[in-house]
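Listed below, chain by chain, are the residues.
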Amino acid sequence: MAAIVDPVLDFDEKCGTITGAFADNLLNFAQERGLQLTWILDTHPHADHFSAASYLKRITAVPMAIGRRVIDIQTTWKHIYAMPEFKNDGSQWDRLFDDNDEFKIGTLIARVVDSPGHTLASITYVIGDAAFTHDTLFMPDSGSARCDFPGGDARALYRTIQTILSFPDDTRLFAGHDYRPNGRAALWESTPVIQRAENRHAHRSLSEQDFISLRTNRDSTLPLPGLMLFALQVNIQGGKLPTSDQLGRAFLKFPIHDLTYRATEEP
């Protein structure tokens, strides 16, 4: 049995093409190993890529799930995108998880941990000895996730990080991104012990107020992700692409002057 966490569609913004090549690779990987897919899991609606959850469900008929507070994010972005017909009730997913909910992946018990801060709807999946921390804790030399998207909160993120650092010392923490500072090789796994000792935003000597100041100051220098305004209108619908018109054409909306833009380019 297997689950896929935060699958991604391939999007080329230069020519407007969207394909499922990467998601197909995930399915092929599972099939080659004789794994039966049982869940498609989102940790939150991402701002930097298109979710492949709906694409994979269409192929596999496997249920999709996300945290219940996705409804709050849908409500915010429904207004930003001027989508009065959009159902901001989470019904695009088959299950909305609450904090401490449990479900099974084969014989493994999976637990949901509410993890707000980066977004209102962020959750962590604790499955066996692994925890999928999405955009909360990165590798220690990259620090932590930004908190300046609508609904983000640095104080909430600090408290989420403290919860994750309190997991058993041998928990395998899987990060959603790795920005590879100084061009080092890609990494994706750590433990609470490593994070407490080495994470530049989460080590024990950093107080809650120091973290809030550090995170707020850094976020004020960051640009919005390049795909954010394209991706969120898709991701608040579980990765469902816009409906095609009678000529088979589909269009993404792009709100103008509704958000603050910044000039620099850093993770």
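Everything quoted here is computed from the prediction, not taken from an experiment. (Residues numbered from 1 in each chain as written. Predicted model: local features only at pLDDT ≥ 70, side-chain atom pairs only at ≥ 80, totals over all residues. Heavy atoms only, no water.)

**What to know about the overall build of the chain**
The line we're drawing: Numbered from the N terminus, helices here are DSSP runs of H or I no shorter than four residues, and strands are runs of E no shorter than two. Burial here depends on accessible area, computed with a 1.4 Å probe over protein chains only, as a share of the maximum for the residue type. Under 20% is buried, over 50% is exposed, and the range in between is partly exposed. Contacts are residue-level and defined by heavy atoms, with any inter-residue pair within 4.5 Å sufficient. Lys and Arg are tallied as positive, Asp and Glu as negative. Neither His nor the chain termini are counted. Here the site of a charge means NZ on Lys, CZ on Arg, CG on Asp, or CD on Glu.
Within the chain one finds seven helices and 13 strands. Sorting the 267 residues of the chain into buried and exposed places 47% on the buried side. In the chain, 67% of the contacts between residues at least 6 apart in sequence involve partners at least 24 apart. Each charge class in the chain was averaged separately, 26 positive and 34 negative side chains, and the resulting centres sit 2 Å apart.

**Considering the pattern of salt bridges**
A side chain with one charge can pair with a side chain of the opposite charge if their charged atoms come near. What counts here: For salt bridges, the criterion is a side-chain nitrogen of Lys or Arg within 4 Å of an Asp or Glu carboxyl oxygen.
Throughout the structure, instances matching the rule amount to 14 salt bridges. Of the charged contacts in the structure, one is a salt bridge between D101 and R95, with a shortest N-O distance of 4.0 Å. Put simply, D141, D178 and R184 are held in one network by salt bridges that share partners.

**A short note on the nonpolar core**
For clarity, the threshold we go by: Throughout, nonpolar core names a set of buried Ala, Val, Leu, Ile, Met, Phe, Trp, Tyr and Cys residues whose side chains join them through atoms within 4.5 Å.
Of all hydrophobic cores here, the largest spans 35 residues; its most connected members are I40, L56, W77 and M228. A total of five residues in this core trace back to one element, the largest contributor, which is helix α7 (residues 228-235). In this structure, M228 is in contact with A47, W77, Y81, F149 and P150, ignoring residues within four places of it in sequence. Membership of the second largest hydrophobic core comes to 17 residues, among which are A154, L157, L165 and I212.

**A look at the packing of aromatic side chains**
Threshold: For Phe, Tyr and Trp, rings pair up if their centres lie within 6.5 Å, where Trp contributes its six-membered ring, and each pair is then called stacked (planes under 30 degrees apart), edge-to-face (over 60) or tilted (otherwise).
Applying the stated rule across the entire model yields twelve aromatic pairs. Seen from their ring centres, F97 and Y125 are 6.1 Å apart, and the 80° between their planes marks the pair as edge-to-face. You can see F97 sitting in strand β7 (residues 95-97) and its partner Y125 sitting in strand β10 (residues 123-127), a full 28 residues away along the chain. Grouping residues by exposure puts F97 and Y125 together as buried.

**Here's the deal with the sheet that holds strand β12 (residues 172-174)**
Let me state the cut-off plainly: Paired strands, as defined in this entry, are two strands with at least two bridges between them according to DSSP.
What the six strands build is an open sheet, ordered β8-β9-β10-β11-β12-β13; its pairing is mixed. What marks the edges here is a single partner per strand, and that holds for β8 (102-105) and β13 (189-190). In terms of strand pairing, β10 meets strand β11 (residues 130-132) through three bridges, oriented antiparallel. Across the sheet, I127 pairs through a bridge with A130, a residue of β11.

**Concerning the environment of L27**
In this fold, L27 is placed in helix α1 (residues 21-32). The class of L27 is buried, set by a relative accessible area of 18%. Distance in space between the C-alpha atoms of L27 and T60 is 9.2 Å, their sequence separation being 33 residues. Look past the residues within four positions of L27 in its chain and what remains in contact with it is I4, L37, L56, I59 and T60.

**Description of the confidence of the model for the chain**
Threshold: A residue's pLDDT is the predictor's confidence in that residue, given on a scale from 0 to 100.
Within the chain, residue pLDDT values average 92, and 96% of them lie at 70 or more. The low-confidence segment residues 261-267 (pLDDT under 50) makes 21 contacts with residues lying over four places distant or belonging to another chain.

**Considerations on the side chain of Q237**
Put simply, the rule is: Each polar contact in these results corresponds to two N or O atoms within 3.5 Å; when the atoms are within protein, one needs to be able to donate a hydrogen and the other to accept it, and residues that are neighboring in sequence are counted only if both atoms are side-chain atoms.
With respect to the helices and strands, Q237 occurs in the segment after α7. Of the polar contacts made by the side chain of Q237, one reaches the backbone oxygen of Q233; its length is 2.9 Å. The residues contacting Q237, other than those within four sequence positions of it, are S54, M83, F86, Q92 and W93.

**Points about the pairing of strand β1 (residues 2-5)**
Burial along β1 is one-sided: the residues A2 and I4 are buried and none of A3 and V5 is. Pairing of β1 with strand β4 (residues 37-41), which is carried by four bridges, proceeds in the parallel orientation. The partner of I4 across the bridge, within β4, is I40.

**With respect to the packing of α1 against helix α2 (residues 53-60)**
To describe two helices that pack against each other, one gives the angle between their axes and the distance between the axes. Going by this rule: What counts as an axis is a line fitted to C-alpha atoms, over the stretch in contact for a helix, and the angles between N-to-C directions run from 0 to 180 degrees. In these notes the angle categories are as follows: under 35 degrees is roughly parallel, over 145 is roughly antiparallel, 65 to 115 is roughly perpendicular, and the rest is oblique. Crossing handedness is read from the near helix: turned anticlockwise from the far helix by less than a right angle, it gives a left-handed crossing, and turned clockwise, a right-handed one. In this classification, the charged set is Asp, Glu, Lys and Arg, the nonpolar set is Ala, Val, Leu, Ile, Met, Phe, Trp, Tyr, Cys and Pro, and all remaining amino acids, among them Gly, are polar.
Close contact between α1 and α2 brings their axes to 10 Å; oriented N to C, the two are set at 50°. In this view, α1 runs oblique relative to α2, as classed from their interaxial angle. Crossing of α1 over α2 shows right-handed handedness. Listed contacts from α2 to A23, D24 and L27 of α1 are Y55, L56, I59 and T60. Grouping the constituent residues of the contact of α1 with α2 by class yields five nonpolar, one polar and one charged.

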